[in-house]
Each structure stands twice: as structure tokens, then as C-alpha cells.
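# Coordinate analysis (summary)
Residues per chain, in single letters:
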Amino acid sequence: MGGFWLTILTFVPTLGAFGVLMQSDEESIWRSAFIFSLIPLAISLYLFAIFDPHQATYQFVERYQWIPQFGISYHVGMDGISLFLVILTTLLISLSLLYSGGGDIEVRPREFCFLMLVLETGLIGALLAIDLFLFYVFWEVMLVPMYLMIGIWGHGRKIYATFKFVLFTMLGSLLMLVAILYLVGAARAQIGHLSFDLPDLYNVPLSRVEARWLFAGFAIAFAIKVPMWPVHTWLPDAHTEAPTAGSVMLAAVMLKMGAYGFLRFAIPLFPEVAIQAVPIFMA
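All figures in this text were calculated on a predicted structure; none of them were measured in a lab.

What counts and how
Residues numbered from 1 in each chain as written. Predicted model: local features only at pLDDT ≥ 70, side-chain atom pairs only at ≥ 80, totals over all residues. Heavy atoms only, no water. Helix = DSSP H or I, 4+ residues; strand = E, 2+ residues; numbered from the N terminus. Phe/Tyr/Trp six-rings, centres within 6.5 Å; stacked < 30°, edge-to-face > 60°. Buried < 20%, exposed > 50% of the residue type's maximum accessible area, 1.4 Å probe, protein only. Axes fitted to C-alpha atoms, helices over the stretch in contact; angles between N-to-C directions. Parallel < 35°, antiparallel > 145°, perpendicular 65-115°, else oblique. Left-handed = near helix turned anticlockwise from the far one by under 90°. Contact = heavy atoms within 4.5 Å. Nonpolar A, V, L, I, M, F, W, Y, C, P; charged D, E, K, R; others polar. Patch = residues over 30% accessible without salt bridge, like charges linked within 9 Å, V, L, I, M, F, W, Y side chains within 5 Å. Areas by Shrake-Rupley, 256 points an atom, 1.4 Å probe, with all protein chains shown as cover. Salt bridge = Lys/Arg side-chain N within 4 Å of Asp/Glu carboxyl O. Lys, Arg positive; Asp, Glu negative; His and termini not counted. Charge placed at Lys NZ, Arg CZ, Asp CG, Glu CD.

## Structural notes on unusual backbone geometry
In most cases, non-glycine residues show a negative phi, while peptide bonds are predominantly trans. With omega at -10°, the peptide bond leading from valine 226 into proline 227 counts as cis. Mapped onto the secondary structure, proline 227 falls in the loop between helix H8 (208–225) and helix H9 (234–241).

Rendered as C-alpha cells:
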């Protein structure tokens with residue numbers, strides 16, 4: 001039953017996004033988008049109310065086989081790290097839609113609402129994913145709407161800001177994908193089959209050089225998202241040129257995904273390398 005709620009929480013915004021596309025009246029578009037954004041907000045608050053803070057494991061877990069021949073599954077769950085970020089996401093999406101419908105977005109409101117709701121699915125899915133391939137899919141899903149929001153509804157040098165955002169984030173995403181695939185291949189020798197499931201990838205025997213390179217692949221992707229120096233230069237342009245709702249989602253949620261990635265993936269998967277890298281990150 002818990003997993004049932006997580007699935008609704010994740011995909012109701014996408015259902016709402018396609019529902020918005022069927023609307024023609026501008027007032028109906030904003031009303032429909034806002035109502036659909038309230039559903040995941042209500043679910044996230046309900047899950048907060050029944051969440052057991054004394055459990056250290058994932059709660060409301062749901063797991064289904066997705067692409068079994070490659071060890072890929074639909075595996076989602078919520079813990080204390082993701083719980084509050086999910087609530088933050090659902091709350092700010094609703095507030096952003098409410099503000100944008102008040103006159104901030106005057107052109108193409110249907111497309112804007114569609115992208116905001118798809119963005120919500122990407123953010124929530126990335127926060128709940130336990131399977132690394134599933135996480136990567138949601139990670140990319142959340143980036144595409146932001147590209148378009150900056151490029152279409154942005155201000156000033158919006159095309160420049162969009163391309164800069166795309167180049168930085170795509171570089172990080174490709175490095176992380178290579179690291180994920182290598183890690184899964186290394187884990188196969190230990191567990192005897194392919195698996196993208198995060199618990200299966202802990203404690204994979206790696207040489208010191210392998211661990212450092214893999215940590216770097218994850219760390220660069222998450223450092224770009226935080227963003228950390230020297231991969232931070234996309235941020236001023238994106239914030240300045242993005243519409244208000246896009247800037248809110250960037251600052252309040254999307255940048256937090258970088259820190260979340262470190263806590264969820266980079267540090268637990270490569271703890272020794274993470275400790276060794278502390279002076280670099282401090283500097």
C-alpha cells in the first residue's frame with residue numbers, strides 16, 4: 001500500500017500534464033494545473049504524517065521488474081532524507097503555479113503548466129528511486145523541462161543561458177552514466193548477475209584507482225548541480241534569465257539535488273574515497 005502511494009505521488013503530475021494539454025481556456029489551464037499539483041502535495045503530507053522516524057530503512061517501498069535481462073527494476077522508497085525534499089518539491093510546485101497564473105506567464109500557459117508538472121515528476125522520481133537506472137531516467141526527465149522553461153519564458157540572454165545550462169548538466173550526466181555502467185559491470189562479477197539496485201552496489205570490490213575514477217564521475221555530476229566551483233558559472237545566467245517559477249525551482253529544489261546525490265550515492269558507494277576527497281571539497 002505504501003508503494004502504491006509513492007507511485008501516485010510520482011506520476012499524478014504527469015497525468016495532470018497531459019490533462020492540461022486538453023484544455024483550451026487559459027483560466028481552465030491554470031486551474032487544472034494547480035489542482036493536479038495539490039494532489040501530490042496532499043499525498044506527501046499524508047506520508048509525512050504516517051512516516052516512522054524510528055526506522056532507518058526505506059519506507060513505502062515498491063519494487064517491480066522493469067527490464068529484467070539487464071537487472072533494471074522499478075524500485076522506489078522513501079527515507080528521512082528524501083521525505084522533506086519531496087514535501088518541499090510538491091509545495092513549491094503548487095506555489096509556483098499559483099504565482100505564475102497570476103500574470104507572470106502571459107504566453108503559452110498550456111505548455112508552461114505541462115513542463116512544470118513534468119518537472120515535478122522528474123524531481124519526485126529522482127528523490128524516490130533506489131534503482132540507479134531509474135534514478136538516471138528521472139534525473140534526465142527533470143532537466144529537460146528546465147531547459148525549455150529558460151529558453152522559452154526566460155529573459156534577456158535566455159538562449160545563451162539555456163545552452164550553458166545544457167552543456168554543463170549534460171557533461172555531468174554523461175560522466176555519471178559511464179560511472180554507473182562501470183559500477184554495475186564490476187558488481188556483476190561479485191553477485192553473478194546484472195543489477196542497478198542500489199543496495200546490491202554497496203561494498204563492490206574496487207581497486208583504489210577504480211573507486212577514485214567512479215567517485216569522480218558521480219561527484220562531478222552532483223558538483224555541477226550544487227553547483228560547486230569551478231563548475232558553477234552556469235548558475236548566475238540561469239537564475240537571471242529564468243522566469244520566476246523556474247528560478248524558484250532551481251534555487252529551492254534542483255540545486256538541492258546535487259547535495260542529495262552526494263548523500264544518497266557518491267558518499268555511500270565510495271566512502272573511503274569520499275573521506276580522502278574532503279580537503280579538495282573544503283578548498
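## Points about the packing of aromatic side chains
Per the counting criterion, the structure on display carries 24 aromatic pairs. Ring geometry for phenylalanine 133 and phenylalanine 196: centres 5.7 Å apart, planes at 70°, overall edge-to-face. Of the two residues, phenylalanine 133 sits in helix H5 (residues 132–153) while phenylalanine 196 sits in the loop between helix H6 (158–191) and helix H7 (198–201), which places them 63 residues apart along the sequence. For phenylalanine 133, a relative accessible area of 25% corresponds to the partly exposed category.

## Concerning the packing of helix H3 (residues 80–104) against helix H10 (residues 244–269)
Orientation of H3 relative to H10, taken along the N-to-C sense of each, is 165°, at an axis distance of 9 Å. Regarding the angle of H3 to H10, the classification is roughly antiparallel. With respect to the hand of their crossing, H3 and H10 are arranged in left-handed fashion. Contacts from Ile81, Ser82, Leu85, Leu88, Thr89, Leu92, Ile93, Ser96, Tyr99, Ser100 and Asp104 in H3 reach Thr244, Ala245, Val248, Met249, Ala252, Val253, Lys256, Tyr260 and Arg264 in H10. Within the contact of H3 with H10, the residues separate by chemical class into 12 nonpolar, 5 polar and 3 charged.

## Here we look at a negative patch on the surface
Together, Asp25, Glu26, Asp104 and Glu106 make up a region of like negative charge exposed at the surface. Along the chain, the position of aspartate 25 falls in the loop between helix H1 (2–21) and helix H2 (26–50). Under the relative-accessibility criterion, aspartate 25 is labelled partly exposed at 41%.

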